[in-house]
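If you want the building blocks of each chain, they are given just below.
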Amino acid sequence: MKPFLRSSLSLMVALLGVAAAASATEPNPLRTRAYIDHAWATLTRSMDDCSALRDSKLATRPVLYLPAGLPRPAQLDGISQRCHVDVRVLPRAIGRLGDLSPLKLPVQGLLYLPHPYVVPGGFFNEMYGWDSYFIVLGLIADHHDTLARGMVDNALFEVQHYGAVLNANRSYYLTRSQPPFLSSMIRAVLDDPASFRSQSAAHAWLAHAYPLAVRDHATWLRRKHRAGDTGLARYYGYGGASPVLEMRNSHYLQGVIDWLLAHPSADRGYLVKASEHPGAAEAARLRTSSCDVDASKVCAGAWSKGYRLSADFYLGDRAMRESGFDTTFRMGPFGGSTEQYAPVGLNSLLYRYERDLHDFATRLGRKADAAHWAEVAAARRNAINKYLWRPDRGMYMDYDFVAGKPSDYAFVTTFYPLWAGVASKAQAAALEARLGLFERMGGLQMSDHVSGAQWDAPFGWAPTNWLAVDGLNHYGFHADARRIARKFTATVDRSLAADGTIREKYNMLSGNADVKISAGYKANVIGFGWTNAVYLKLRQLLNVSRPAALPQRPPRA
């Protein structure tokens with residue numbers, strides 16, 4: 001070959017290589033879609049799958065717990081030897097959250113579920129409560145109907161055998177739930193034509209699901225889940241004033257103490273002066289004022305510079321974890337006062353839950369039940385408007401029922417009432433006018449506060465972006481919904497092009513996965529179940545050519 005031909009060919013090959021490299025780093029929805037197609041399989045777990053039993057949050061030999069009274073499933077034969085796991089039975093039947101303290105178990109382990117399920121990803125290697133709703137939406141959108149219905153059946157199994165939809169199916173979560181989406185999961189499956197062979201099969205399934213949904217909803221009516229006398233609900237964990245059992249060491253709590261010492265004006269009485277190694281008398285006092293240093297190594301190690309954390313902080317910390325927003329500063333630093341608030345998000349979800357129960361009862365011919373749920377929903381809507389709607393701000397805002405005053409912390413859950421159908425047309429218009437507080441290049445950020453925590457500005461998450469977009473769309477704000485959908489999907493596309501992954505959260509200011517956390521949990525986990533699902537739902541919305549023709553969900557009076 002002549003020299004100039006060789007050099008021309010070399011140049012062409014080099015240019016093609018540069019072009020290929022450039023195209024690989026260009027955002028491409030098709031590449032994102034291919035990632036999601038592959039991810040469903042990698043994120044799916046089942047009880048006879050050894051990888052499902054692994055828990056990176058604990059360093060003990062895996063244990064699988066069966067509900068008391070449940071015949072041993074045949075699928076578990078041989079699992080002990082193959083997966084090196086102990087299969088045990090819970091010591092008693094569980095009627096509701098807190099009936100069985102995880103502290104009574106000799107070791108913590110995975111709770112049995114009968115059907116395969118999709119996990120979020122990373123160290124989240126179990127089926128999570130509110131994650132599962134969004135994952136189910138994505139599975140249905142992607143025609144994985146059997147897997148989607150199996151996840152809803154798993155949630156119903158949790159209610160039947162573990163007392164409620166759990167934070168996740170680990171024994172240390174037997175004391176708390178998560179944001180209540182069970183009725184919406186049921187509705188998603190019922191609305192999917194491929195989920196059932198016939199209408200009669202769907203009706204029979206609903207007849208089984210309805211009483212379990214009622215039982216799950218009752219969790220939020222218990223005295224300790226009531227927000228005082230407001231008629232609203234709050235988050236509350238039943239584990240008592242102590243560090244959560246899944247916390248492997250005291251580093252997080254030491255960081256909280258150090259932050260509070262560096263920001264004394266933000267301390268809400270969370271700091272308790274105490275010794276690092278208390279004697280018997282001081283340890284006895286700390287059981288009431290802080291936590292039991294003799295019963296918990298994590299509690300014992302939660303000391304820094306002469307201080308420990310108060311019992312009230314531990315109660316708030318557990319409630320914050322039930323809320324799913326771990327961590328945001330909107331209910332005190334590190335969420336330490338979460339149990340003192342009636343949240344907009346929770347009560348909007350419960351309003352929709354109650355309207356769903358009304359619709360299910362009607363479908364099943366239970367007229368008295370339907371009338372009851374209509375009345376319960378109307379009462380909650382009145383309470384939401386009384387305590388949570390701020391006409392002066394044009395927003396729904398959380399209410400501190402202990403102090404008797406509304407929060408001034410703008411949080412993206414202000415759009416949940418649109419998704420739930422709580423808002424009037426006038427309220428919806430006022431909310432739409434407040435989008436600028438949250439909307440950035442990458443989508444909707446969590447709040448207008450930069451606290452350094454992952455559920456605050458400038459960070460944004462798939463579930464809250466979806467609920468806001470879906471709510472805006474169904475109130476007729478189609479342009480807003482599509483604009484935000486484009487922004488968030490573009491963020492996911494850009495991030496995947498940059499590093500080949502989909503993440504649990506993103507930086508809305510920069511529109512990528514450049515997430516640097518300074519307060520609380522710092523990881524940005526790869527996976528990621530609900531991001532994959534919401535991406536599909538947002539693309540589905542964007543691919544509808546005439547948004548005005550979308551089915552409308554009117555405000556539910």
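Remember, it's a predicted structure, so these values are computed and weren't measured experimentally.

*Asks:* Tell me about the overall build of the protein chain, residues and numbers included.
*Replies:* Within the protein chain, the regular secondary structure consists of 19 helices and 16 strands. Computed over its C-alpha atoms, the radius of gyration of the protein chain comes to 24 Å, within 12% of the 24 Å expected for a compact globule of 557 residues. Contacts in the protein chain between residues far apart in sequence, at least 24 positions, make up 72% of those at least 6 positions apart. Of the roughly 21,700 Å² of accessible surface on the protein chain, a fraction of 56% belongs to carbon and sulfur atoms.

*Asks:* Quick rundown of the packing of aromatic side chains? Include the residues and the values.
*Replies:* Going through the model one piece at a time under the given rule, you end up with 37 aromatic pairs. Measuring from centroid to centroid gives 4.7 Å for Tyr172 and Tyr173, while their planes differ by 75°, and the two rings are edge-to-face. Taking relative accessible area as the criterion, Tyr172 reaches 2% and is therefore assigned buried. A residue is classified by how much of its surface remains accessible, and Tyr173, at 4% relative accessible area, is buried. One residue, Arg321, lies across the ring of Tyr252, its end atom 5.6 Å from the ring centre. If you follow Arg352 out to its NZ or CZ, it ends over the ring of Trp419, 3.9 Å from the centre.

*Asks:* Before we move on, can you summarise the nonpolar core with the specific residues and values?
*Replies:* Residues Tyr162, Ile186 and Leu309 are the most contacted members of the largest nonpolar core, which totals 179 residues. Those residues in contact with Leu309, other than ones at most four positions away along the chain, are Leu253, Val256, Ile257, Leu260, Tyr270, Leu271, Val272, Ser289, Ser290 and Tyr314.

*Asks:* Talk me through the sheet that holds strand E4 (residues 110-111); I want residue IDs and the actual numbers.
*Replies:* Taken together, three strands build an open sheet; the order of strands is E3-E2-E4 and the sheet is parallel. Two strands lie at the open edges of the sheet, namely strand E3 (86-89) and E4, each paired on one side alone. The sheet contact formed by strand E2 (residues 63-66) and E3 spans four bridges and is parallel. Within E3, the residue paired with Tyr65 across the bridge is Arg88.

*Asks:* An account of the side chain of Ser46 is needed here, citing residue identities and associated values.
*Replies:* Looking at the element boundaries, Ser46 is found in the loop between strand E1 (44-45) and helix H3 (50-53). For Ser46, a relative accessible area of 16% gives the class buried. Within the local environment of Ser46, its side chain forms a polar contact with the side chain of Asp48, the two groups lying 2.8 Å apart. Each residue touching Ser46, except ones within four places of it in the same chain, is listed here: Ala52 and Pro116.

*Asks:* Explain the state of the cysteines to me, and be specific about the residues and the numbers.
*Replies:* In protein structure, a disulfide is the covalent linkage between the sulfur atoms of two cysteines. According to the stated counting rule, one finds two disulfides in the structure shown. At a sulfur-sulfur separation of 1.9 Å, the disulfide partner of Cys50 is Cys83. Between Cys50 and Cys83 the sulfur-sulfur dihedral comes to about -75°; the bridge is accordingly left-handed. One end of the pair, Cys50, is in helix H3; the other, Cys83, is in helix H4 (residues 79-83), and 33 residues separate them in sequence. Note that Cys291 is cross-linked by a disulfide to Cys299, the S-S spacing being 2.0 Å. Here the S-S torsion is close to 95°, and the disulfide linking Cys291 with Cys299 is therefore right-handed. Accessibility classification places Cys291 together with Cys299 in one group, the buried group. In the protein chain, the bonded cysteines, numbered by position in the sequence, are linked as 1-2, 3-4.

*Asks:* Quick one: what's the story with the side chain of Arg170, residue by residue and with numbers?
*Replies:* Structurally, Arg170 can be placed in the loop between helix H6 (145-162) and helix H7 (182-190). Of the residues examined, Arg170 reaches a relative accessible area of 1% and is grouped as buried. A polar contact is formed between the side chain of Arg170 and the backbone oxygen of Asn125, at a distance of 3.4 Å. Excluding residues that lie within four positions of it along the chain, Arg170 makes contacts with Ala52, Leu53, Arg54, Asp55, Gly109, Leu110, Leu111, Asn125 and Glu126.

*Asks:* Describe the packing of helix H5 (residues 129-141) against helix H17 (residues 462-474), naming the residues involved and giving the relevant values.
*Replies:* Direction vectors running N to C along H5 and H17 enclose 60°, while the axes themselves pass 11 Å from each other. In this view, H5 runs oblique relative to H17, as classed from their interaxial angle. Like other packed secondary-structure pairs, H5 and H17 cross with a definite hand, here left-handed. Along the contact surface, H5 presents Trp130, Phe134 and Leu137, while H17 presents Pro463, Trp466 and Leu467. In the contact of H5 with H17, the residues fall into six nonpolar, no polar and no charged.

*Asks:* Give me the packing of helix H2 (residues 29-42) against helix H18 (residues 478-499): which residues, what numbers.
*Replies:* The geometry of H2 relative to H18 is characterised by a closest axis approach of 9 Å and an angle of 80° between their N-to-C directions. By the angle class used here, H2 and H18 are roughly perpendicular. Across from Pro29, Arg31, Thr32 and Tyr35 in H2, the residues of H18 making contact are Val492, Asp493 and Leu496. Grouping the constituent residues of the contact of H2 with H18 by class yields four nonpolar, one polar and two charged.

*Asks:* Describe H7, naming the residues involved and giving the relevant values.
*Replies:* Residues that lie three or four places apart on an α-helix share one face, since the helix turns once every 3.6 residues. Judged by how many residues are buried, H7 sits mostly within the fold: nine of nine residues are covered. For H7, the full list of buried residues reads Leu182, Ser183, Ser184, Met185, Ile186, Arg187, Ala188, Val189 and Leu190. Summarising the contacts, the buried residues of H7 are in contact with H5, H6, helix H8 (199-218), helix H13 (344-363) and helix H15 (416-420).

*Asks:* Give a description of the environment of Trp389 that names residues and reports values.
*Replies:* With respect to the element layout, Trp389 can be found in strand E9 (residues 389-390). Trp389 sits in the buried class, given a relative accessible area of 15%. Counting along the chain gives 38 residues from Trp389 to Gln427, while the straight-line C-alpha distance between them is 8.6 Å. If we ignore the near neighbours within four places in the chain, the residues touching Trp389 are Ile384, Gly394, Met395, Tyr396, Gln427, Ala430 and Leu431.

*Asks:* Lay out the sheet that holds strand E11 (residues 399-400) in plain terms, naming residues and giving numbers.
*Replies:* One open sheet holds the three strands; their spatial order is E8-E11-E12, and the pairing between them is antiparallel. A single partner strand is all that each edge strand has here, and the edge strands are strand E8 (341-342) and strand E12 (405-406). Sheet analysis places E11 next to E12, joined by two bridges and oriented antiparallel. Bridged to Asp400 within E12 is Lys405.

*Asks:* Describe the confidence of the model for the protein chain, listing the residues and the values that go with them.
*Replies:* With 93% of its residues at a pLDDT of 70 or more, the protein chain shows a mean pLDDT of 93. Considering only residues more than four positions removed or in separate chains, one finds that residues 11-22, a stretch of pLDDT under 50, has zero contacts. Predicted confidence for residues 545-552 stays below pLDDT 50, and this span has 10 contacts to residues more than four positions away or in other chains.

Parameters and conventions
- Residues numbered from 1 in each chain as written.
- Predicted model: local features only at pLDDT ≥ 70, side-chain atom pairs only at ≥ 80, totals over all residues.
- Heavy atoms only, no water.
- Helix = DSSP H or I, 4+ residues; strand = E, 2+ residues; numbered from the N terminus.
- Rg over C-alpha atoms; globule rule 2.2 N^0.38 Å.
- Contact = heavy atoms within 4.5 Å.
- Areas by Shrake-Rupley, 256 points an atom, 1.4 Å probe, with all protein chains shown as cover.
- Phe/Tyr/Trp six-rings, centres within 6.5 Å; stacked < 30°, edge-to-face > 60°.
- Buried < 20%, exposed > 50% of the residue type's maximum accessible area, 1.4 Å probe, protein only.
- Lys NZ or Arg CZ within 6 Å of the ring centre and 35° of its normal.
- Core = buried A, V, L, I, M, F, W, Y, C linked by side-chain atoms within 4.5 Å.
- Pairing = 2+ DSSP bridges.
- Polar contact = N/O pair within 3.5 Å; in protein donor to acceptor, adjacent residues only side chain to side chain.
- Disulfide = S-S within 2.5 Å.
- Axes fitted to C-alpha atoms, helices over the stretch in contact; angles between N-to-C directions.
- Parallel < 35°, antiparallel > 145°, perpendicular 65-115°, else oblique.
- Left-handed = near helix turned anticlockwise from the far one by under 90°.
- Nonpolar A, V, L, I, M, F, W, Y, C, P; charged D, E, K, R; others polar.
- pLDDT = per-residue confidence, 0-100.

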